[in-house]
2 protein chains.
Amino acid sequence: MLHGKTPEQTYQHKHLSTYSSRILEETVAEFSRLPGIGKRTALRLVLHLLKSAPEDSERLGNALVRLRKEIRYCSICHNITERETCAICSNPSRDESVICVVEDIRDVIAIENTNQFHGKYHVLGGIISPMDGIGPSDLAIDSLISRLKEHPVKELIMALSATMEGDTTSFFIFKKIASLQIQEIRFSTIARGVSIGDELEYADEVTLGRSILNRVPYENSATR
Amino acid sequence: MLHGKTPEQTYQHKHLSTYSSRILEETVAEFSRLPGIGKRTALRLVLHLLKSAPEDSERLGNALVRLRKEIRYCSICHNITERETCAICSNPSRDESVICVVEDIRDVIAIENTNQFHGKYHVLGGIISPMDGIGPSDLAIDSLISRLKEHPVKELIMALSATMEGDTTSFFIFKKIASLQIQEIRFSTIARGVSIGDELEYADEVTLGRSILNRVPYENSATR
């Protein structure tokens with residue numbers, strides 16, 4: 001069956017080599033450089049844009065041209081912004097004494113949407129992952145340390161993924177900052193446990209085990 | 001289980017409402033207007049572009065801005081081109097006496113890549129589909145008829161999808177042109193049968209039945 005399909009699939013690949021328009025070919029090629037978008041999907045997207053209003057593709061095009069020109073990274077926390085410092089860092093009503101360390105700006109967006117955190121952030125730009133060739137020097141750890149030296153904080157919340165890489169990164173940062181003996185910084189990590197709405201029987205053993213070990217007093221959990 | 005997941009999923013949707021940058025928000029919104037690309041995928045694509053070279057997003061952006069300005073449809077066959085008539089229509093070595101009727105330019109690309117057709121095309125821009133509100137007047141059928149009136153052809157190949165809609169469209173065009181009695185145009189449709197490389201036991205009954213009914217002499221099929 002698999003072997004039988006091969007000529008068909010070779011065909012499908014070849015189908016995409018000739019276009020009647022150079023600009024069409026160029027747009028398809030540029031689209032298909034994006035992750036998860038192949039030549040076939042790219043052609044489908046471009047044909048969709050050709051069928052829809054001319055303003056649609058122009059707006060997307062202009063937004064993309066402006067994207068890299070206007071976006072910069074906050075000089076304090078490395079969040080995305082259009083100014084020197086981001087809206088969170090320059091907001092005086094946010095608690096300066098708590099910094100939440102996250103992997104990338106998607107996590108900032110996710111935590112902001114919970115409305116449960118009112119401190120500041122520090123975006124690492126990744127997590128330590130030897131498999132992908134990402135070491136501590138590739139992350140914004142040094143800037144976190146100098147930030148802590150300048151403005152000491154009371155608490156550092158490690159909000160990294162609950163994976164081997166996330167735990168390694170948390171541990172590395174904890175060790176590094178502890179060794180510097182800057183001051184008494186309280187370290188914490190976000191709680192891990194059974195997701196809200198999940199049924200116990202479907203939770204995996206490690207998560208369920210952790211959530212039993214890290215149980216909280218009943219009143220506490222009920223009011224949240 | 002399904003009910004249990006609901007709060008989680010509501011969360012995930014809400015996560016995407018606040019961004020720290022207006023241009024980021026704009027680009028994500030524009031990307032997510034494309035078919036099959038949600039807010040989450042759009043954000044992933046934009047973050048990818050932010051991590052890659054600045055030229056990448058600029059090239060894609062410029063291509064998109066130019067796309068709708070430079071691309072037009074061939075005045076003869078409605079294929080995509082950058083000139084008044086497309087490369088195929090303006091090529092004198094292509095056989096003018098055969099026109100292959102297709103649904104959209106993807107089909108032109110697919111047939112061109114087979115290197116088996118040396119005539120001209122006519123791109124309908126869709127097929128008759130009452131469910132989607134597409135009727136005969138939405139397709140380039142009138143321009144096909146005036147094209148045939150001006151330059152009569154020997155053969156018209158209907159190369160539409162092997163679906164109810166495709167068959168309906170073929171039949172409609174056949175009836176319409178036959179009723180005009182322009183001249184003796186030979187109508188044909190592309191062969192339907194078992195795909196090259198497919199095993200018989202996996203072919204569906206209708207396809208297999210058709211391929212038995214429309215069998216060809218052995219020498220003929222062996223040389224192709």
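Residues numbered from 1 in each chain as written. Chains lettered and ligands numbered in written order. Predicted model: local features only at pLDDT ≥ 70, side-chain atom pairs only at ≥ 80, totals over all residues. Heavy atoms only, no water.

Some points on the packing of aromatic side chains
Residues and elements named next belong to chain A.
- Using the criterion set out here, one finds four aromatic pairs over all chains in the structure.
- With 4.8 Å between their ring centres and 85 degrees between their planes, Phe174 and Phe187 make a pair best called edge-to-face. One end of the pair, Phe174, is in helix H7 (residues 164–180); the other, Phe187, is in strand E6 (residues 186–189), and 13 residues separate them in sequence. (Phe/Tyr/Trp six-rings, centres within 6.5 Å; stacked < 30°, edge-to-face > 60°. Helix = DSSP H or I, 4+ residues; strand = E, 2+ residues; numbered from the N terminus.)

Quick notes on the interface of chain B and chain A
- Tallying the contact residues gives 70 residues for chain B and 70 residues for chain A.
- Looking only at chain B, the three residues that lose the most surface to chain A are Ile23, Leu50 and Arg68 of chain B, adding up to 11% of its buried area.
- Seen at the junction of chain B and chain A, the total is six salt bridges.
- Salt-bridge contacts for Arg66 of chain A lead to Glu26 of chain B; the nearest nitrogen and oxygen are separated by 3.4 Å.
- On inspection of chain B and its partner chain A, the count reaches 16 residue pairs in polar contact (both at pLDDT 80 or more).
- Only helix H1 (2–14), helix H2 (22–31), helix H3 (39–51), helix H4 (54–70), strand E2 (80–81) and helix H5 (105–112) of chain B provide two or more residues apiece to the side of chain B that touches chain A.
- Tallying contributions element by element places H4 of chain B first for the side of chain B that touches chain A, with 16 residues.
- Among the residues forming the side of chain B that touches chain A, the class breakdown is 31 nonpolar, 18 polar and 21 charged. (Contact = heavy atoms within 4.5 Å. Buried area = accessible area lost by both parts, 1.4 Å probe. Salt bridge = Lys/Arg side-chain N within 4 Å of Asp/Glu carboxyl O. Polar contact = N/O pair within 3.5 Å; in protein donor to acceptor, adjacent residues only side chain to side chain. Nonpolar A, V, L, I, M, F, W, Y, C, P; charged D, E, K, R; others polar.)

Some details on the sheet that holds strand E5 (residues 155–158) of chain B
All names here are of chain B.
- Pairing is parallel across the open sheet formed by four strands, whose spatial order is E4-E3-E5-E6. Edge strands, defined here as strands with exactly one partner in the open sheet, are strand E4 (120–123) and strand E6 (186–189). Averaged over neighbouring strand pairs, the angle between their axes works out to 25 degrees when direction is ignored.
- Alignment of strand E3 (residues 98–102) against E4, held across four bridges, turns out to be parallel. In the sheet register, Val101 faces E4, and the bridge partner there is His122. (Pairing = 2+ DSSP bridges. Axes fitted to C-alpha atoms, helices over the stretch in contact; angles between N-to-C directions.)

Points about unusual backbone geometry
All names here are of chain A.
- The residue His78 is not glycine, and still its phi comes out positive at about 70 degrees.
- Locating His78 in the fold gives a position in the loop between strand E1 (72–73) and strand E2 (80–81).
- In this structure, Asn115 takes a positive phi of about 60 degrees despite not being glycine.
- In this fold, Asn115 is placed in the loop between helix H5 (105–112) and strand E4 (120–123).

Observations regarding the pattern of salt bridges
- Overall, the coordinates contain 27 salt bridges over all chains when judged by the stated rule.
- With a closest N to O distance of 3.1 Å, Arg22 of chain A and Glu26 of chain A form a salt bridge. Linking Arg22 of chain A with Glu26 of chain A, this pair stays in helix H2 (residues 22–31), spanning four residues, or about one helical turn.
- Taking the shortest distance from any N to any O, the salt bridge between Glu84 of chain B and Arg72 of chain B comes out at 3.4 Å. On the criterion of sequence distance, the pair formed by Glu84 of chain B in the loop between E2 and E3 and Arg72 of chain B in strand E1 (residues 72–73) is long-range, its members being 12 residues apart.
- Here the salt bridges share partners, and the residues they tie into one network are Arg22 and Glu26 of chain A together with Arg66 and Glu70 of chain B.

Notes on the nonpolar core
- Core analysis: the biggest nonpolar cluster contains 72 residues, and Leu24 and Phe31 of chain A together with Leu24 and Phe31 of chain B have the highest contact counts within it.
- Sequence-distant contacts of Leu24 of chain A, defined by excluding residues within four places in its chain, comprise Tyr19, Val46 and Leu50 of chain A together with Ile71, Ile80 and Ile105 of chain B. (Core = buried A, V, L, I, M, F, W, Y, C linked by side-chain atoms within 4.5 Å. Buried < 20%, exposed > 50% of the residue type's maximum accessible area, 1.4 Å probe, protein only.)

Structural notes on the state of the cysteines
- On inspection of all chains with the given rule, the structure shows zero disulfides over all chains.
- Looking at the unpaired Cys77 of chain A, the closest cysteine sulfur is the one in Cys89 of chain A, lying at 3.5 Å.
- In this model Cys86 of chain B remains outside any disulfide bridge; the closest cysteine sulfur is found in Cys77 of chain B, 3.6 Å from its own.
- We classify Cys86 of chain B as buried; its relative accessible area is 0%. (Disulfide = S-S within 2.5 Å.)

Some details on the sheet that holds strand E5 (residues 155–158) of chain A
All names here are of chain A.
- Taken in spatial order, the four strands line up as E4-E3-E5-E6 in an open sheet, and their pairing is parallel. Both edges of this open sheet fall to E4 and E6, since each of them pairs with a single strand only. In this sheet, neighbouring strand axes are inclined to one another by 25 degrees on average, regardless of whether the strands run parallel or antiparallel.
- Direction of pairing for E5 relative to E6: parallel, over a ladder of four bridges. Each bridged residue has a counterpart across the sheet, and for Leu156 the counterpart in E6 is Phe187.
- Relative to the sheet, H5 contacts strand E3 (98–102) and E4, its axis offset from that of E4 by approximately 155 degrees.

Topic: the pairing of E3 of chain A
All names here are of chain A.
- Taken across its five residues, E3 has five buried, putting it largely inside the fold.
- Note: E3 against E5, four bridges, orientation parallel. Within the sheet, the bridge partner assigned to Val101 lies in E5 and is Met158.
- Read as a crossover between parallel neighbours, the route from E3 over H5 to E4 is right-handed. (Right-handed = clockwise from strand over helix to strand, strands pointing away.)

Quick look at the relation of the copies chain B and chain A
- By a simple turn and slide, chain B fits onto chain A: the slide is 0.0 Å along the axis, the RMSD is 0.1 Å, and the turn is 180 degrees. Seen this way, the second copy is the image of the first under a two-fold rotation axis. Rotation axis and chain B: the residue whose C-alpha lies nearest the axis is Gly61 of chain B, separated from it by 1.9 Å. (Least-squares fit on C-alpha atoms with pLDDT ≥ 70 in both.)

Digging into the environment of Glu165 of chain A
Residue and element names in this part refer to chain A.
- Tracing the backbone shows Glu165 in helix H7.
- Expressed as a C-alpha distance, the spacing of Glu165 and Met131, which sit 34 residues apart in the sequence, is 9.8 Å.
- The contacts of Glu165, once residues within four sequence positions are left out, are Ile127, Ile128 and Ser129.

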